[in-house]
Amino acid sequence: MRLANKTALITGGNSGIGLATARLFIAEGARVAITGRNQERLDAAKAELGSNLLTFQADVTDIAATERAVAGAVEAFGPLDILFANAGIPGATPVGGTTLATFEQVLRTNLTAVFFTIQATLPHLRDGASIILNGSVHAVLGMPGYSAYAATKAGVRAMTRVVASELAPRRIRVNTVVPGATRTPIWDRLAPDAAALAALEAKISKMVPLGRLGDAEELAKAVLFLASDDSSYVTGTELVVDGGATGSPSGAPIYR
Ligand code: NAP
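Read on for an overview of the structure.

## Topic: the overall build of the protein chain
Logical step 1: A count of helical and extended segments in the protein chain gives eight helices and nine strands.
Logical step 2: For the protein chain, the C-alpha radius of gyration of 18 Å lies close to 18 Å, the compact-globule estimate for 256 residues.
Logical step 3: Across the 256 residues that make up the protein chain, the buried fraction comes to 47%.
Logical step 4: A separation of at least 24 residues holds for 69% of the contacts in the protein chain among residues at least 6 apart in sequence.
Logical step 5: Taking the average place of the 23 positive charges on the side chains of the protein chain and the average place of its 22 negative ones, the gap between the two points comes to 4 Å.

Rendered as structure tokens:
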């Protein structure tokens, strides 16, 4: 048990990478609080994961709601050992066709809310705690149509280093996990049915040296490493989990 007696808060824990991480954390002995907007998916997570899981309906862009979720988690668990600031939205923002409201919604959700989630949690984190942020390969890929999303994830990367410096005196470690294309409901809008999803996966897989998308469980294992004492000397950095897409792009099937 790598998280025995530890407590964790995961934003966006009712789906995809956040839910897989909640599942793994609990299997490793932790008590976990998750947030999200969708009550049905929060209830489904609760039904699956039981008494070691607490759920809070909270929109990360609503700072007061986040503060209430943190207070609820702390009331139930006591001080927190782990924060996984995971909630995020993709949001296409092509240049020439994007409203200010759409652009700002992506920034508020993926970047501003990450900072204020850390700020809300900070007074309740134990010294020596671990904060993990969720980045993306979009920070460096230059993928067309995703200016706002890429900017937020590049911002998360930079913020990791700043906050790691600020919290070092309390031995709080701050790192980012950087997923490449990972099979989660985040793709639903781009690929609304099974055939569209298969076509999208086939296309993306050609750009990934390991020739496939990742699974949420593979990301959760990387988050577990950053959350646990296994990474006790790791702070201010990124753990890239992308099948080689950014480190070794020349190995992708498209070049074979
Ligand atoms: P997902 O299955 O769609 O999960 C996204 C989670 O974020 C959901 O739990 C969602 O819950 C929550 N969320 C979104 N907006 C929120 C808000 N305003 N307030 C509270 N919660 C909110 O997608 P995922 O792939 O697991 O995404 C998790 C993280 O991984 C994101 O930060 C994403 O950018 C990053 N990522 C994913 C991939 C990928 O290929 N899957 C690649 C790179 C990075 P509600 O809808 O209930 O609010």
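## A look at the nonpolar core
Logical step 1: Within the largest apolar cluster, 28 residues are counted, with the highest numbers of intra-cluster contacts made by Phe25, Val32, Ile34, Leu53, Ile132 and Val177.
Logical step 2: Secondary-structure elements contributing two or more residues to this core are strand S1 (7–10), helix H1 (16–27), strand S2 (31–36), helix H2 (39–49), strand S4 (80–85) and helix H8 (216–227).
Logical step 3: Ranked by the residues each element gives to this core, the list is headed by H8, at eight residues.
Logical step 4: Counting residues in hydrophobic clusters, the runner-up holds 27 residues, among them Ala73, Leu80, Val163 and Ala164.

## A word on the pairing of S2
Logical step 1: Counting buried positions over the six residues of S2 gives five, a clear majority of the element.
Logical step 2: Note that S1 and S2 share four bridges and pair parallel. In the sheet register, Ile10 faces S2, and the bridge partner there is Ile34.
Logical step 3: The handedness of the S1 to S2 crossover, carried by H1, is right-handed.
Logical step 4: Direction of pairing for S2 relative to strand S3 (residues 53–57): parallel, over a ladder of five bridges. Its bridge partner being in S3, Ile34 is matched across the sheet by Thr55.
Logical step 5: Tracing the backbone out of S2, into H2 and back to the parallel element S3 gives a crossover that is right-handed.

## Observations concerning the packing of H1 against H8
Logical step 1: With their axes 8 Å apart at the nearest point, H1 and H8 run at an angle of 60° to one another. Judged on the interaxial angle alone, H8 and H1 are oblique. The chirality of how H1 crosses H8 is right-handed. For the pair H1 and H8, contact is made by Gly16, Ile17, Ala20, Thr21, Arg23, Leu24 and Phe25 and by Ala216, Glu217, Leu219, Ala220, Lys221, Val223, Leu224 and Ala227, respectively.
Logical step 2: Class assignment for the residues of the contact of H1 with H8 results in 10 nonpolar, two polar and three charged.

## Points about the site of the ligand
Logical step 1: Taken together, 31 residues sit near the ligand, with Asn14, Ser15, Arg37, Tyr149 and Thr184 positioned nearest.
Logical step 2: Ile17 places a main-chain nitrogen or oxygen 2.8 Å from an oxygen atom of the ligand.
Logical step 3: Contacts to the ligand include Trp187, whose side-chain N or O atom sits 3.3 Å from an oxygen atom.
Logical step 4: Contact with the protein chains hides 95% of the accessible area of the ligand, taken as 870 Å² for the molecule alone.
Logical step 5: Mapped by element, the contributors of at least two residues to the shell around the ligand are H1 and helix H6 (147–167).
Logical step 6: Residues that form the shell around the ligand fall into these classes: 11 nonpolar, 16 polar and four charged.

## What to know about the sheet that holds S2
Logical step 1: Read from one edge of the open sheet, seven strands run S3-S2-S1-S4-S5-S6-S9, paired in parallel fashion. Bordering the open sheet on either side are S3 and strand S9 (238–241), each of which pairs with just one other strand. Taking each pair of neighbouring strands and ignoring which way they run, the sheet shows an average axis angle of 15°.
Logical step 2: On the sheet, H1 packs against S1, S2, S3, S4, strand S5 (125–134) and strand S6 (173–179) and is oriented at approximately 170° with respect to S1.

## Notes on unusual backbone geometry
Logical step 1: Phi is positive for Asn5, close to 65°, though the residue is something other than glycine.
Logical step 2: Structurally, the position occupied by Asn5 is in the segment before S1.
Logical step 3: Looking at Asn5, the relative accessible area reads 69%, which means it is exposed.
Logical step 4: Backbone geometry at Arg171 places phi at a positive 60°, although glycine is not the residue there.
Logical step 5: Since its relative accessible area comes to 57%, Arg171 is described here as exposed.

Rules behind the numbers
Residues numbered from 1 in each chain as written. Predicted model: local features only at pLDDT ≥ 70, side-chain atom pairs only at ≥ 80, totals over all residues. Heavy atoms only, no water. Helix = DSSP H or I, 4+ residues; strand = E, 2+ residues; numbered from the N terminus. Rg over C-alpha atoms; globule rule 2.2 N^0.38 Å. Buried < 20%, exposed > 50% of the residue type's maximum accessible area, 1.4 Å probe, protein only. Contact = heavy atoms within 4.5 Å. Lys, Arg positive; Asp, Glu negative; His and termini not counted. Charge placed at Lys NZ, Arg CZ, Asp CG, Glu CD. Core = buried A, V, L, I, M, F, W, Y, C linked by side-chain atoms within 4.5 Å. Pairing = 2+ DSSP bridges. Right-handed = clockwise from strand over helix to strand, strands pointing away. Axes fitted to C-alpha atoms, helices over the stretch in contact; angles between N-to-C directions. Parallel < 35°, antiparallel > 145°, perpendicular 65-115°, else oblique. Left-handed = near helix turned anticlockwise from the far one by under 90°. Nonpolar A, V, L, I, M, F, W, Y, C, P; charged D, E, K, R; others polar. Near = heavy atom within 4 Å. Polar contact = N/O pair within 3.5 Å; in protein donor to acceptor, adjacent residues only side chain to side chain. Areas by Shrake-Rupley, 256 points an atom, 1.4 Å probe, with all protein chains shown as cover.

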